[in-house]
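Residues per chain, in single letters:
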Amino acid sequence: RLIQERAEDALRVCEAGLAEVSGTKGLAQFYVSLLQSEGRLEDAVAFMDRWIPENPDCAPIYNAYSNALENVGRLGDAMDACRQGIAVQPFYPELHFNLGRMLGSVNQLTEALPALDTAAEQFGRQETAFATKWREESESMAERLRSEIATGRGVLSGSREPASTRDWDLAVFVAVQE
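Thresholds applied
- Residues numbered from 1 in each chain as written.
- Predicted model: local features only at pLDDT ≥ 70, side-chain atom pairs only at ≥ 80, totals over all residues.
- Heavy atoms only, no water.
- Helix = DSSP H or I, 4+ residues; strand = E, 2+ residues; numbered from the N terminus.
- Buried < 20%, exposed > 50% of the residue type's maximum accessible area, 1.4 Å probe, protein only.
- Contact = heavy atoms within 4.5 Å.
- Areas by Shrake-Rupley, 256 points an atom, 1.4 Å probe, with all protein chains shown as cover.
- Core = buried A, V, L, I, M, F, W, Y, C linked by side-chain atoms within 4.5 Å.
- Salt bridge = Lys/Arg side-chain N within 4 Å of Asp/Glu carboxyl O.
- Axes fitted to C-alpha atoms, helices over the stretch in contact; angles between N-to-C directions.
- Parallel < 35°, antiparallel > 145°, perpendicular 65-115°, else oblique.
- Left-handed = near helix turned anticlockwise from the far one by under 90°.
- Nonpolar A, V, L, I, M, F, W, Y, C, P; charged D, E, K, R; others polar.
- Expected span 1.5 Å × (residues − 1).

(A) Just the overall build of the chain, in detail. Along the backbone of the chain there are 10 helices and 0 strands. When its helices and strands are written in sequence order, the chain yields α-α-α-α-α-α-α-α-α-α. Going through the 178 residues of the chain one by one, you find that 45% of them count as buried. Partitioning the intrachain contacts of the chain with sequence separation of at least 6 by distance along the chain shows that 60% fall at a separation of at least 24. Accessible surface computed for the chain: about 8,800 Å², of which carbon and sulfur atoms make up 51%.

This is the structure:
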């Protein structure tokens, strides 16, 4: 709650920390989440455009980047960011989930299904309530996708709204820090 009430102060602290310490991945991810929560979507994308080339080896950063790109309407670039992150770290379930969700939203159902299945499998290997929730969400979305493929209905309905990905990034950052 303190972060929500004093977001500008938190942003200044992040900016100072990022200026002092190169390669602070967790701080960069948190900073992007803060920018997005403040509605500064273009700033989040611009920061990641500069930051990723210097730090290309961190899947959570690609996940935050894909969310920021999606939130500014650059869905193709967001899916590319997911794919780049998967290439860096193939066992990062959030990237598979987001890629599957986005592919489903643009009617690429047969491509979305393996991504969602992979996300469910990878979340299933983690023994936390957080991972269980996302495994169940992945399985549910994959089942809806199979149904839509079977009936020929097309676009995956009921996908999460892009804005909720900010909550996901913040929760991941907090979980990693604990």
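After that view of the structure, there is still more to cover.
(B) Inspection of the nonpolar core at higher detail. V32, F47, M48, I61, L95 and F97 are the most contacted members of the largest nonpolar core, which has 40 residues in total. Where this core is concerned, the elements lending two or more residues are α3 (25–37), α4 (41–51), α5 (59–71), α6 (75–88), α7 (93–105), α8 (109–124) and α9 (129–151). The element best represented in this core is α5, accounting for 7 residues. Those residues in contact with I61 that sit more than four places away from it in its chain are K25, A28, Q29, M48, W51 and I52.

(C) Looking closely at the pattern of salt bridges. Tallied over the full model, the rule gives 8 salt bridges. The residue D77 makes a salt bridge to R74 at a minimum N-O spacing of 2.9 Å. Judged by relative accessible area, D77 falls into the partly exposed class, the value being 35%. Here R74 falls in the partly exposed class, since its relative accessible area comes to 31%. R135 is paired through a salt bridge with E136; the nearest N and O atoms lie 3.8 Å apart. Three or more residues are tied together by salt bridges with common partners; here these are R135, E136 and E139.

(D) Broad picture of the packing of α7 against α8. Packing of α7 against α8 leaves a shortest axis separation of 7 Å and a crossing angle of 155°. Regarding the angle of α7 to α8, the classification is roughly antiparallel. For the pair α7 and α8, the sense of crossing is left-handed. Contacts between α7 and α8 involve P93, E94, H96, F97, G100, R101, L103 and G104 from the former and L109, E111, A112, A115, L116, T118, A119, Q122 and F123 from the latter. Class assignment for the residues of the contact of α7 with α8 results in 9 nonpolar, 5 polar and 3 charged.

(E) Broad picture of the packing of α7 against α9. Contact pair α7 / α9: the axes reach a minimum separation of 11 Å and the direction vectors enclose 25°. The angle between α7 and α9 places the two elements in the roughly parallel class. The two elements α7 and α9 cross, and the hand of that crossing is left-handed. Here F97, R101 and G104 of α7 lie close against α9, whose contacting residues are W134, E137, S138, M141 and L145. Class assignment of the residues belonging to the contact of α7 with α9 gives a composition of 4 nonpolar, 2 polar and 2 charged.

(F) Local environment of α9. With 23 residues, α9 extends 33 Å from end C-alpha to end C-alpha; this agrees with the ideal 33 Å at 1.5 Å per step. Within α9, the full set of buried residues consists of A131, W134, S138, M141, A142, L145 and E148. Following α9 by one or two positions, G152 has its phi on the positive side, about 70°.

(G) Summary view of the environment of S105. Turning to its location among the elements, S105 is positioned in helix α7. The class of S105 is partly exposed, set by a relative accessible area of 32%. Sequence-wise, S105 and L75 are 30 residues apart; in three dimensions their C-alpha atoms are separated by 9.8 Å.

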